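Architecture at a glance
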Amino acid sequence: LSRETGKSEVMFFSKELERKIKQKIEVEGELKKAIENNPEEFYLEYQPIVDLKTLKIEKLEALIRWNSSKFGKVYPDFFIPIAEETGMIKDITDIVIDKAVSQLQEWKSKGIETKISVNISPSEFKDKNFVDRIKTKIPEEFRNYFALEITENVLFEHTQSSIDKLKQLTDLGIEILLDDFGTGYSSLTYLKKFPITTLKIDRAFVKDIPDDKENRGIVMTIIKLARLLVVRSLAEGIETKEQLIFLRKSGCQYGQGYYFSKPKNASEIEKVLKKGFTDHEQFD
Ligand code: C2E
Ligand code: MG
Ligand code: MG
Ligand code: MG
């Protein structure tokens, strides 16, 4: 009997694996079609980043979505890893940057001024021409309104050449934020050499504060580390007023999360920008 159970588990796992592989191949094919023939299936949602002292919107993070004819609205975790593996990430990055630039242009023509922060996959830094691509894509007048979010894994390989690329980007006026901080492997030695303006504290640590003692300690330590490195601290994934109160008390300067606003499409976020504030509860 136990042998039988063993067999059926093997069957179950291989079926599950087969299903996953099939799905991956399908997503890959659909992704390729969308990039080549229907790039308009991709669009950006924007989430406000808020100054925790004044509660004013400081900038927006752009987050890609894919309105796939096959899968419906899908989120980046579903297709970005596949795009990274297959090299299609380069095309995705191009699409995202073009969209962010047009958005800045449109908002400028309407008298709305904001900064946009765009996520860049670590593998993009392997591209020798990365900085040139960015330079060609972002007109000079918008470079001061552009930020890029990278993760510590950028430094996993090609450390010095990645730091050089980051420096060239900041020389262009583009701001660099270190995303998902605390989940990677950066050593303090390299961290010091990063030309970054901001440490984004990963959502995993913001979760369950102030109740969770360990997360509380980690968050406070990252805020102190940011101060030591003379960069800003920004907490991701703020969902409650309690989290906000704790973060403010701990000296965290910026935040984003559902408490302030979920990511929204351009026209929805435009209304929020016009007010300058999100719809969170106002308190002191
Ligand atoms: P990320 O850059 O760390 O973005 C934050 C993620 O947390 C977003 O998920 C956002 O919607 C979500 N989030 C924000 N506030 C809250 C909150 O209060 N609670 C919870 N539970 N979640 C919150 P999303 O949009 O699904 O993006 C996931 C990841 O995909 C991003 O993580 C980023 O690494 C990647 N990504 C998104 N857009 C792009 C892109 O254009 N290019 C690349 N290469 N990667 C992207
Ligand atoms: Mg990000
Ligand atoms: Mg993040
Ligand atoms: Mg993340």
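Here we summarise the structure given alongside this text. (Residues numbered from 1 in each chain as written. Chains lettered and ligands numbered in written order. Predicted model: local features only at pLDDT ≥ 70, side-chain atom pairs only at ≥ 80, totals over all residues. Heavy atoms only, no water.)

For Arg143, the location among the structural elements is in helix H5 (residues 140-143). The buried charged residue Arg143 lacks any salt bridge, with Glu140 as its nearest oppositely charged partner at 4.9 Å. With residues up to four places along the chain from it excluded, the contact list for Arg143 reads Lys135, Ile138, Leu172, Gly173 and Ile174. (Helix = DSSP H or I, 4+ residues; strand = E, 2+ residues; numbered from the N terminus. Buried < 20%, exposed > 50% of the residue type's maximum accessible area, 1.4 Å probe, protein only. Lys, Arg positive; Asp, Glu negative; His and termini not counted. Salt bridge = Lys/Arg side-chain N within 4 Å of Asp/Glu carboxyl O. Contact = heavy atoms within 4.5 Å.)

Here the focus is the coordination of the magnesium ion (ligand 2). For the magnesium ion (ligand 2), the full set of protein donor atoms is Glu61 (OE), Asn119 (OD1), Glu149 (OE) and Asp179 (OD), and the range of their distances to it is 2.0 to 2.2 Å. The distance between the magnesium ion (ligand 2) and the magnesium ion (ligand 3) comes to 4.0 Å, and Asp179 binds to both of them. Taken as a pair, Asn119 in strand S4 (residues 116-119) and Glu149 in strand S5 (residues 146-151) lie far apart in primary sequence, 30 residues in all. (Donors = N, O, S within 2.8 Å, 3.2 Å for Na, K, Ca; no water.)

Where helix H4 (residues 130-137) contacts helix H6 (residues 159-171), the two axes come as close as 10 Å, and the packing angle between them is 20°. One element, H4, and the other, H6, form an angle in the roughly parallel class. Regarding H4 and H6, the two cross each other, and that crossing is right-handed. Residues Phe130, Val131 and Ile134 of H4 lie in contact with H6, whose contacting residues are Lys165, Gln168 and Leu169. (Axes fitted to C-alpha atoms, helices over the stretch in contact; angles between N-to-C directions. Parallel < 35°, antiparallel > 145°, perpendicular 65-115°, else oblique. Left-handed = near helix turned anticlockwise from the far one by under 90°.)

Before going further, it helps to spend a moment on the pairing of strand S6 (residues 175-181). Extensive coverage of S6 is indicated by the burial of 6 of its 7 residues. Here S5 pairs with S6 via 5 bridges, running parallel. What sits directly across from Ala147, in S6, is Glu175. Bridge analysis of S6 against strand S7 (residues 198-201) gives 3 bridges, and the strand direction is parallel. Paired with Phe181 across the strands is Ile201, a residue of S7. The parallel pair S6 and S7 is bridged by helix H7 (residues 188-193), and the resulting crossover is right-handed. (Pairing = 2+ DSSP bridges. Right-handed = clockwise from strand over helix to strand, strands pointing away.)

Turning our attention to the packing of aromatic side chains. The final tally for this structure, using the stated rule, is 8 aromatic pairs. Centre to centre, the rings of Phe42 and Phe79 are 6.1 Å apart; their planes meet at 50°, and the pair counts as tilted. Within this pair, whereas Phe42 is found in strand S1 (residues 42-51), its partner Phe79 is found in helix H2 (residues 76-86), the two being separated by 37 residues in sequence. Each member of the pair, Phe42 as well as Phe79, is classed as buried. The structure contains a cluster of three or more aromatic residues connected by ring pairs, namely Phe42, Trp66, Phe71, Phe78 and Phe79. One residue, Lys262, lies across the ring of Tyr258, its end atom 4.7 Å from the ring centre. (Phe/Tyr/Trp six-rings, centres within 6.5 Å; stacked < 30°, edge-to-face > 60°. Lys NZ or Arg CZ within 6 Å of the ring centre and 35° of its normal.)

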